[in-house]
Amino acid sequence: MKINKNIPLGLFIAASVTALAWQQTGKPESFSVNGNLSGFKDSIVFLTYGTFDDTKIDSAKVTNGKFTFKGRVEEPVQGMLFSRDYKLRLDLFVDKGSVEISGPADNLKVAGSAVVNEYALFNQEIMANRKWVNNVYTEAWNAKQAGDTTRARLLEADGSKWYAYEREIRKQYIRQHPASPVSARELLMYVNNTSLDECKPMYDVLDAAVNASLQGQELTRRMELLVKIKTGNKALPFEQSSV
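These numbers come from a predicted model, not from an experiment.

How should the overall build of the chain be read in this particular structure?
Summing up its helical and strand segments, the chain has seven helices and eight strands in all. The buried share of the chain, reckoned over its 243 residues, is 43%.

Encoded structure:
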C-alpha cells in the first residue's frame, strides 16, 4: 500500500457562500426525507434531527428499500439516518422541502436545498478521510500479522496523522463558511474548555443570520458559559446551605 494521500480541501469548499442562502423563518415549515436504497432489506429505519438542545427521533417503514419521513423545522438542522444495527448510518442536514436519499447503503447520495447539498459534499470528504484511515490501519494490522513490525509502526503513525486530519477538515469548513448554519453546528460540537481560545476567532466572524439562528443561539450560550468557567477566571458565585 503506497502511503500517499493529499486531500484537496479547496475542492469541497469551492461552493460560494452565497450558494448557502437560507433563512430562519421563525415558524416551523414542512420537510420530507425520501429514501430509495438499493439492496436495503431492513423493514424499519430511523431518523434523528434537530438542534443540539432539541433533537427529535422518528421511524419509518421500509418497503422495497423505500421510505419517507415527514416533519417540520424552523431552519436547516443536523440529522442522522440509521438502521437498528447501524450498518446503515448517514449524517445529513434536514431542511424545509424535500431531501432525497438514494443508492446503496455504503454509497448514499443526498440531494435537497443548498444547505443540504453543501453538507452532503462536506460529509463526503469526511467519510473519504475515514475510509482512508480504516484502510491504513487494516494494512498496519496485516503487516504486524506478517511480522513486519517496522512497516506496521509506519502505517500506524500515518493512520494516526490522517485520523487527526478530520479535525482540520472541519475547522477549515467553519473558517470558509461563516454564513452557513453547518458552521454553527460544527463549532458547537468542537468548542470546549481546551479549544475555546482557538474557537473564538471563528465564532467572532460568523454571519449575523447564523448567530440569530436557534443553533447560533445555542453556540452563543455555550461560548459564554465556557468563558465564565475558563481556568484562571474568577470563580462563579455560589451559596451552599448548611446542613
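Honestly, the nonpolar core in this entry has me stumped. Any pointers?
Soluble globular proteins: nonpolar side chains tend toward being buried together. With 24 residues, the main nonpolar core has Leu-81 and Ile-101 as its most contacted residues. Going through the elements one at a time, β1 (29-38), β2 (44-50), β4 (66-73), β5 (77-82), β6 (89-94), β7 (97-104) and α2 (114-145) are the ones with two or more residues in this core. Excluding anything up to four places from it in sequence, Ile-101 contacts Val-33, Asn-34, Gly-35, Asn-36, Leu-37, Leu-81, Leu-90, Leu-92, Leu-108, Lys-109 and Val-110.

Before we go on, may I ask you to explain the sheet that holds β1 in this structure?
In a beta sheet, neighbouring strands are held together by backbone hydrogen bonds and run either parallel or antiparallel to one another. The four strands lie next to each other as β4-β1-β7-β8, forming an open sheet whose pairing is mixed. Two strands bound the open sheet, and with one partner strand each, they are β4 and β8 (109-111). Averaged over all adjacent pairs, the angle separating strand axes in this sheet is 15°, with direction ignored. Summarising the sheet, β1 and β4 pair through eight bridges and their orientation is antiparallel. Each residue of the ladder has a partner; that of Val-33, found in β4, is Phe-69. Of the strands in this sheet, β7 and β8 touch α2, which is tilted by about 155° from β8.

Got a minute to help me understand the side chain of Asn-123 in this structure?
Position of Asn-123 relative to the elements: it lies in helix α2. Look at Asn-123 and you get buried, because its relative accessible area is 8%. Leave out the neighbours within four places in its chain, and Asn-123 touches Leu-90 and Asp-91.

Would you explain the sheet that holds β5 in this entry?
Read across the open sheet, the four strands follow the order β3-β2-β5-β6; overall the sheet is antiparallel. A single partner strand is all that each edge strand has here, and the edge strands are β3 (55-61) and β6. The mean inter-strand angle of the sheet, taken between neighbouring strand axes irrespective of direction, is 20°. Where β5 lies against β6, six bridges are found, and the strand directions are antiparallel. Note that in β6 the partner of Gly-79 across the bridge is Leu-92.

Conventions and cut-offs
- All residue numbers refer to position in the chain's written sequence, counted from 1.
- In view of the model being predicted, local features appear only for residues whose pLDDT reaches at least 70, and side-chain atom pairs are presented and counted only at 80 or more, with totals across whole chains, interfaces and linings using the full set of residues.
- Based on all heavy atoms of the structure, the side-chain values leave hydrogens and waters out of the count.
- In this text, helices come from DSSP runs of H or I with a minimum length of four residues, and strands from runs of E with a minimum of two, each type numbered from the N-terminal end.
- For every residue, the accessible area (1.4 Å probe, protein chains only) is compared with the maximum for its type, and the residue is labelled buried under 20%, exposed over 50%, or partly exposed between those bounds.
- Buried Ala, Val, Leu, Ile, Met, Phe, Trp, Tyr and Cys residues form a nonpolar core when they are joined through side-chain atoms within 4.5 Å.
- Working rule for contacts: check all heavy atoms of both residues, and any pair within 4.5 Å makes them a contact.
- Here the rule is simple: two strands pair whenever DSSP picks up at least two bridges between them.
- Every axis in this analysis is a line fitted to C-alpha atoms, fitted for helices over the stretch in contact. Angles between the N-to-C directions lie between 0 and 180 degrees.

Any functional reading would require information that these geometric values do not contain.
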